[in-house]
Amino acid sequence: MFFKRPFEYFLKPIEKSYSKEKGIVNPEASRDDKKLIELLRKTCDEPLKNAKKMPVYPFEELIKKFRTTDLAAAVETEQFKKMAKNGFILKSGEERIYYNQKPGQPSSHEKTNLHLGIDYVVESGLEVFAVQDGKIAGMEIIRKNEQELFEKSGQKLYRGEGGYGNMILIQHKLAGKIFYSLYGHLAAPRETPIIGDLIKKGEIIGQVGKSFSLENGGWPAHLHFNILKEQGAVAGYGSEEDLKKIIDPLKILK
Ligand SMILES: [Zn+2]
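What you are looking at is a predicted structure, and each value in this text was computed from that prediction instead of being measured.

### Some remarks on the overall build of the chain
Looking only at helices and strands, the chain features 8 helices and 13 strands. In the chain, which comprises 254 residues, the share counted as buried stands at 40%. Look at the contacts in the chain between residues 6 or more apart in sequence, and 77% of them connect residues 24 or more apart.

What follows is the structure in structure tokens.
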């Protein structure tokens, strides 16, 4: 590994990641959302093979499990390797706390820290499938020499600074309703996708990127997956208001 992430420095175990009073949980789905959730449940394929079987962990529980906030150290353990081989899910709507930050406070890097969407923690290289027919509506692609320059620089990434690395946003329409699926932290695509390109349900749209790379925003290999009700809600973290713009993918998978 060309650098070690200083997770110890800025992540600490979360004492209070949820508050019923403050509503730091996914808001109740509206009646409209429930219809879409039902439709998606009936028709969606998992974005990853066996996704429905994967256990779900709150981030806090993961930290406790490995007795460290240093994920770079945790991923080297046999326990993590086994877990990643089978895959597991980190929840949506969680607040991830940084060093010196209190729950509900904006971090120094971003305005808000509620996780918008779920993380499939899996082995890098795993193929990612489109959940529905649709068309490419947006993307983030790392420029070819960007990763190389990053590696050479020995620069350290802090959460959020790496963005999605390579991300694809697909627009879908089901029963007249438009929505979007988002796939973040993909490996570099062989060919750059084109906005408007048609995608078939179950089509391979990419592979999970490498751990601790620019592709993964400096995190262990994972797919960030989200269902958006509007195209603008593409950030990986956001406010309670932003949570209302998404459909928690777990509601469809579980
Ligand atoms: Zn994520």
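Okay, back to it.
### Comments concerning the nonpolar core
With 50 residues, the main nonpolar core has Tyr-120, Val-122, Leu-169, Leu-182, Tyr-183, Leu-223 and Leu-228 as its most contacted residues. Per-element accounting of this core gives the leading share, 5 residues, to strand E8 (residues 177–186). Beyond its immediate stretch of four places on either side in the chain, Val-122 contacts Leu-48, Ala-84, Gly-87, Val-208, Ala-221, His-222 and Leu-223.

### Concerning unusual backbone geometry
Even without being a glycine, His-185 presents a positive backbone phi close to 70 degrees. Its place among the elements puts His-185 in strand E8. Of note, the phi angle at Phe-212 is positive, near 55 degrees, even though the residue is not glycine. Mapped onto the fold, Phe-212 is located in the loop between strand E10 (204–207) and strand E11 (222–228). On the basis of neighbour count, Phe-212 is assigned to the buried category, with 22 C-beta atoms found within 10 Å.

### Some details on the environment of Glu-94
Relative to the helices and strands, Glu-94 is located in the loop between strand E2 (88–90) and strand E3 (114–115). Sequence separation between Glu-94 and Gly-117 is 23 residues, and the spatial gap between their C-alpha atoms is 9.4 Å.

### With respect to the pairing of E8
Counting buried positions over the 10 residues of E8 gives 8, a clear majority of the element. With 8 bridges joining them, strand E7 (residues 166–174) and E8 adopt antiparallel strand pairing. Counterpart to Ile-170 in the pairing with E8 is Ser-181. Between E7 and the antiparallel strand that follows it, E8, lie 2 residues; Ala-175 among them carries a positive phi value of about 50 degrees. Relative to E11, E8 runs antiparallel, the two being bridged by 5 bridges. Bridge assignment links Ser-181 to a residue of E11, and that residue is Ile-227.

The rules we used
- Residues numbered from 1 in each chain as written.
- Predicted model: local features only at pLDDT ≥ 70, side-chain atom pairs only at ≥ 80, totals over all residues.
- Helix = DSSP H or I, 4+ residues; strand = E, 2+ residues; numbered from the N terminus.
- Buried ≥ 20, exposed ≤ 12 C-beta atoms within 10 Å, placed from the backbone.
- Contact = placed C-beta atoms within 7 Å.
- Core = buried A, V, L, I, M, F, W, Y, C linked by C-beta atoms within 7 Å.
- Pairing = 2+ DSSP bridges.

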